[in-house]
Amino acid sequence: YLRDPARKKKPWCINASFIAPHFPLVAPLRFWDLYPLDEIDLPEVPSDHLENQHPVYQRMRRMFGCADFPEELVRKGRAGYYALITYLDEKIGRLIDCLEETGQLENTLIVHTSDHGEMNGEHGMWRKSNFYDASARIPLQISWPGVIPQNKRVDEVVSLVDLIATLAEITETENKAPLDGHSLLPLMTSGDPTWKDEAFSEYLAHGVTRPMAMLRQGDFKFNYSLGDLPELYDLANDPDEFRNLAQDPIHQT
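The notes below deal with the structure included here.

Rules used in this analysis
- Residues numbered from 1 in each chain as written.
- Predicted model: local features only at pLDDT ≥ 70, side-chain atom pairs only at ≥ 80, totals over all residues.
- Heavy atoms only, no water.
- Helix = DSSP H or I, 4+ residues; strand = E, 2+ residues; numbered from the N terminus.
- Buried < 20%, exposed > 50% of the residue type's maximum accessible area, 1.4 Å probe, protein only.
- Contact = heavy atoms within 4.5 Å.
- Lys, Arg positive; Asp, Glu negative; His and termini not counted.
- Charge placed at Lys NZ, Arg CZ, Asp CG, Glu CD.
- Patch = residues over 30% accessible without salt bridge, like charges linked within 9 Å, V, L, I, M, F, W, Y side chains within 5 Å.
- Areas by Shrake-Rupley, 256 points an atom, 1.4 Å probe, with all protein chains shown as cover.
- Salt bridge = Lys/Arg side-chain N within 4 Å of Asp/Glu carboxyl O.
- Pairing = 2+ DSSP bridges.
- Axes fitted to C-alpha atoms, helices over the stretch in contact; angles between N-to-C directions.
- Core = buried A, V, L, I, M, F, W, Y, C linked by side-chain atoms within 4.5 Å.

## Digging into the overall build of the protein
Looking only at helices and strands, the protein features six helices and six strands. The secondary structure elements of the protein, listed N-terminal to C-terminal, are α-α-α-β-α-β-α-α-β-β-β-β. By its C-alpha atoms, the protein is 60 × 50 × 30 Å across when sized along the principal axes. Scored against the burial criterion, the 253 residues of the protein give a buried share of 34%. In the protein, the proportion of contacts linking residues at least 24 apart, taken out of those at least 6 apart, comes to 58%. Seen as two clouds, the 25 positive and the 40 negative side-chain charges of the protein have centres 7 Å apart.

Shown next, in the form of structure tokens:
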């Protein structure tokens, strides 16, 4: 598709969607061999964390059958995930190489993102379906030569709904209905002092019987699970989300 001469005659769009990295954690052997099991790191889980974990996550672990995995199996799972990331990286590289070979790289907007992360054994959990950063935080890399500065990192909180608004602005697409998100273009190019710096997410699917919601604003993340006590994390000082501050009087207003 990319090598077809027709691509140079008018604008085009391609959605290259890959399953990897994703369960099942099975990767081609040449990628698996890059990650010897005796060199694989293990999740850092405090000794009393799982026993005192928020009830919604304890229920999820039981539902997904992740209550207790031996160390060897955890290493294998993490190795498989790392291998799949490298596998995906090679696939993305092939696409970029093709754009360069056909002279289209400098005139192509590239977006790399995902729909969810992977717990990968963190907090004793696997897969997704929760608001821990390992699951809810995703990659978002955008390349647009001549418009977006190279190697620029934006620290503000954004959401995939903002990506939709961004693409609509870039392609000058008329919005038939109001969008929930806001364009990232000012934030990516020159900065945006009025940026909302927040993301909202909700969940009601595998592993839960009641609605859940998350609001991330700046360094703080507030989680709500209907019928349970809330959660509040200061990600600047507690990036692993081990200290729930919701009941701390300092943070109650």
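Next comes the rest of the description.
## Some words on a nonpolar patch on the surface
Nonpolar side chains collect at one region of the surface, where Phe 222, Tyr 224 and Leu 226 lie side by side and expose about 260 Å² of accessible area between them. Residue placement: Phe 222 occurs in strand β5 (residues 220-225). Looking at Phe 222, the relative accessible area reads 36%, which means it is partly exposed.

## As for the sheet that holds strand β6 (residues 231-234)
Taken together, the four strands give an open sheet; going across it, the order is β3-β4-β5-β6, and neighbouring strands pair in antiparallel fashion. Each edge of the open sheet is held by one strand with a lone partner, namely β3 (198-203) and β6. Here the strands of the sheet are splayed against their neighbours by 10° on average, with no regard to which way each runs. Taken together, the six bridges between strand β4 (residues 212-217) and β5 define a ladder with antiparallel strand orientation. Bridging across to β5, Leu 215 finds its partner in Phe 222. Sheet contacts for helix α2 (residues 55-63): β3, β4, β5 and β6; angle to β5, the most-contacted strand, approximately 65°.

## Thoughts on the nonpolar core
In terms of nonpolar packing, the biggest core is built from eleven residues, these being Val 56, Tyr 57, Met 60, Met 119, Met 125, Phe 131, Tyr 132, Tyr 203, Val 208, Met 212 and Met 214. Of all the secondary structure elements, the ones that give two or more residues to this core are α2 and β4. Counting residues per element, this core draws most heavily on α2, which supplies three residues. Contacts of Met 214, omitting those with residues within four sequence positions, involve Phe 131, Ala 136, Ala 199, Phe 200, Ser 201, Lys 221, Phe 222 and Asn 223. Ranked by size, the runner-up nonpolar core spans ten residues in total, among them Ala 20, Leu 25, Val 74 and Ala 83.

## Structural notes on the pairing of β6
Residues Glu 231 and Tyr 233 line one face of β6 and the alternating positions Leu 232 and Asp 234 line the opposite face, and both faces are buried. Where β5 meets β6, four bridges bridge the pair, whose relative direction is antiparallel. In the strand pairing of β6, Phe 222 is matched with Leu 232.

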